Amino acid sequence: MQLKTILNRVENYKSFVYANVRWVNGASRPTIEVEIQPRKNGRPICSGCGEVRPGYDRLPPRRFEFVPLWGITIFFVYAMRRVDCPQCGKKVEKVPWCDGKNHLTTTYRWFLAGWAKRLSWQDVARSFHTSWENVFRSVKHAVFWGVAHRTLDRIGAIGVDEIQWRKGPRFLTLVYQIDDGMKRLLWVARERTEKSLRGFFDILSDEVRTGIRFVASDMWQPYLNVIAEQAGQAIHVLDRFHIMKKMGNAIDKVRAAEARRLKEDGYEPVLKRSRWLLLKRRHNLTDNETVRLSELLKYNLQSVESHLLREDFQRFWEYKSPAWADKFLGQWCERTMRTKLEPMKKVARTLLSHRPLILNWFRAKGTISSGTVEGLNVKAKLTLRKAYGFRTYEAAEIALYHTLADLPEPTFTHRFC
Ligand SMILES: [Zn+2]
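The shown structure was predicted, so the numbers you read here are calculated from the model rather than taken from an experiment. (Residues numbered from 1 in each chain as written. Predicted model: local features only at pLDDT ≥ 70, side-chain atom pairs only at ≥ 80, totals over all residues. Heavy atoms only, no water.)

Kindly report on the sheet that holds strand E7 (residues 171–179), identifying the contributing residues and their values.
Strand order in the open sheet made by the 5 strands is E8-E7-E6-E9-E10, with mixed pairing throughout. Of all the strands in the sheet, just strand E8 (182–190) and strand E10 (235–238) have a single pairing partner and so form its edges. Geometrically, the sheet is characterised by an average inter-axis angle of 20 degrees between neighbouring strands, direction not taken into account. With 8 bridges joining them, E7 and E8 adopt antiparallel strand pairing. Among the inter-strand pairings, Gln177 is bridged to a residue of E8, identified as Arg184. Lying on the sheet, helix H8 (residues 240–264) is in contact with strand E6 (157–164), strand E9 (214–217) and E10; it crosses E6 at an angle near 25 degrees. Contacting E7 and E8, helix H16 (residues 393–404) crosses the sheet at an angle of about 170 degrees to E8. (Pairing = 2+ DSSP bridges. Helix = DSSP H or I, 4+ residues; strand = E, 2+ residues; numbered from the N terminus. Axes fitted to C-alpha atoms, helices over the stretch in contact; angles between N-to-C directions. Contact = heavy atoms within 4.5 Å.)

See the structure below:
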């Protein structure tokens, strides 16, 4: 079987044929060139208007990189025709294996983008002997295609989340769809302003926007404002994940302040490596860690006190009746307000001022699972942390859409990866 025969099976073009196939001597890597010719009597298509037009002349042959085979780099070689178009003037013809001035074939770009879902961009570049930029551009192409072709209808529940970002904007705003059977990233924007979130609602039709039934978010005021303004019909839930995250941050602050104080007073830095012990829920601790935690508890430190408050608050989520939950919330906040734990008191005050939205959790129970936003948040963080080697906000945004947005792809006659 010849290479041409295989190519005709996996990548067939109606108006073009594969001609000579040659091994390239003296190339830095093993390389094969496959020449392409237009079919006899096949007339070129204008890239401006997409109409068949009379040929004008031919440009010198160009190489287009295709999917590598057995570690061999494959190039298509073709001399582009120019057309004389009454509408567009003199234009280069349109060819089916690539668009514009790209030197990578479209199939190869989808191939690289497919691998970039499983490996870091650097790994993809290394594996297929190409550059990081080529991988980035391929992923970007896949994302643009996917975003242009995705459907945004029947969105029942969304989760609004923010992620810290180390360069450029300090935060990214993310919006997920969190319906049963459809969990995906819908939107990424810079910062966490009202504008960041309003941009999301702008891409929805009024019908879809007013059809949203549940919104989960944290207590960030600009988000609350925009959600009330754009999705007033929805049950707005301050969800478990975000509330517990806030409490985790408060415990962190108490611990840091206490460690500082103890050190100043000349005590052993017992809290130094205890952060994870305090943040972990009790049943997740190993035996060894349980011993260390009980040693720590002997000190009756503020960190421990706030840890116990947090541990106690977990009971809140177990309530079936909103009325009892509300009562518990009131008591918990009262107890917290009597302590000297400033960061925890701040959480209690925030909880009290958002009481109705927090109690909505019980109205949405069974519809919004607390793990959903958390799971997506973990994946998003992982995507950002993974060694993609990106430096720009644009690359981060592209990577998030690529891995989390569940974007559609064209149907291929043959899947290369
Ligand atoms: Zn034209």
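Could you give an account of the coordination of the zinc ion, naming the residues involved and the relevant values?
Only Cys46 (SG), Cys49 (SG), Cys85 (SG) and Cys88 (SG) from the protein reach the zinc ion as donors, at distances of 2.3 to 2.4 Å. Coordination geometry of the zinc ion: the 4 donor atoms subtend angles of 103 to 115 degrees at the metal centre, consistent with an arrangement described as tetrahedral. Counting gaps between the donor residues of the zinc ion yields the pattern C-x2-C-x35-C-x2-C. For Cys85, a relative accessible area of 4% gives the class buried. Cys88 sits in the partly exposed class, given a relative accessible area of 28%. (Donors = N, O, S within 2.8 Å, 3.2 Å for Na, K, Ca; no water. Tetrahedral: all angles 85-135°; square planar, octahedral: opposite > 155°, others 65-115°. Buried < 20%, exposed > 50% of the residue type's maximum accessible area, 1.4 Å probe, protein only.)

With reference to specific residues and values, describe the layout of surface pockets.
Taken as a whole, the second largest pocket encloses approximately 310 Å³ of empty space. Forming the boundary of the second largest pocket are 18 residues, of which Glu11, Pro96, Thr106, Thr107 and Phe412 lie nearest the centre. Top contributing element to the lining of the second largest pocket by residue count: helix H2 (residues 106–115), with 3 residues. Broken down by class, the residue content of the lining of the second largest pocket amounts to 10 nonpolar, 6 polar and 2 charged. (1 Å grid on protein atoms, 1.4 Å probe; cavity = no way out; pocket = protein on both sides within 12 Å on 5 of 7 lines; lining within 4 Å. Points joined across faces, edges and corners; volume = space filled by probe spheres on them. Nonpolar A, V, L, I, M, F, W, Y, C, P; charged D, E, K, R; others polar.)

Explain the side chain of Glu162 residue by residue, including any values.
When you line up the elements, Glu162 lands in strand E6. Owing to a relative accessible area of 12%, Glu162 belongs among the buried residues under this scheme. Within the structure, the side chain of Glu162 is placed 3.1 Å from the side chain of Arg192, a separation counted as a polar contact. Beyond its immediate stretch of four places on either side in the chain, Glu162 contacts Phe171, Leu172, Arg192, Asp218, Trp220, Tyr223, Lys245 and Asn377. (Polar contact = N/O pair within 3.5 Å; in protein donor to acceptor, adjacent residues only side chain to side chain.)

Outline empty space enclosed by the protein, listing residues and values.
A full pass over the atoms with the stated rule returns 1 cavity of 30 Å³ or more. Every residue along the wall of the largest cavity is listed here: Trp110, Ala113, Gly114, Lys117, Ala142, His402, Leu407, Pro408 and Glu409. Sort the elements by how many residues they give to the lining of the largest cavity and H2 lands first, with 3 residues. When grouped by side-chain class, the residues that make up the lining of the largest cavity number 5 nonpolar, 2 polar and 2 charged.

Any details on the nonpolar core? Residues and values, ideally.
The biggest cluster of nonpolar side chains holds 111 residues, and the ones touching the most others in it are Phe313 and Leu351. Apart from the residues within four sequence positions on either side, Leu351 is in contact with Met219, Ile243, Met247, Phe313, Leu329, Trp332, Cys333 and Ile358. (Core = buried A, V, L, I, M, F, W, Y, C linked by side-chain atoms within 4.5 Å.)

Outline helix H13 (residues 342–353), listing residues and values.
If you check H13, its first and last C-alpha atoms are 17 Å apart, about what 12 residues at 1.5 Å a residue would give, namely 16 Å. Three or more residues of H13 are buried, namely Met344, Lys345, Val347, Ala348, Thr350 and Leu351. Elements that come into contact with the buried residues of H13 comprise H8, helix H11 (302–313), helix H12 (322–337) and helix H14 (355–363). (Expected span 1.5 Å × (residues − 1).)

Describe the packing of H12 against H13, and please don't skip the residues or the numbers.
The contact between H12 and H13 brings their axes to 9 Å, and the two run at 150 degrees. By the angle between their directions, the pair H12 and H13 is classed as roughly antiparallel. The interaxial crossing formed by H12 with H13 has left-handed handedness. Here Leu329, Trp332, Cys333, Thr336 and Met337 of H12 come into contact with H13, specifically with Met344, Lys345, Ala348, Arg349, Leu351 and Leu352. The residue makeup of the contact of H12 with H13, split by class, is 8 nonpolar, 1 polar and 2 charged. (Parallel < 35°, antiparallel > 145°, perpendicular 65-115°, else oblique. Left-handed = near helix turned anticlockwise from the far one by under 90°.)

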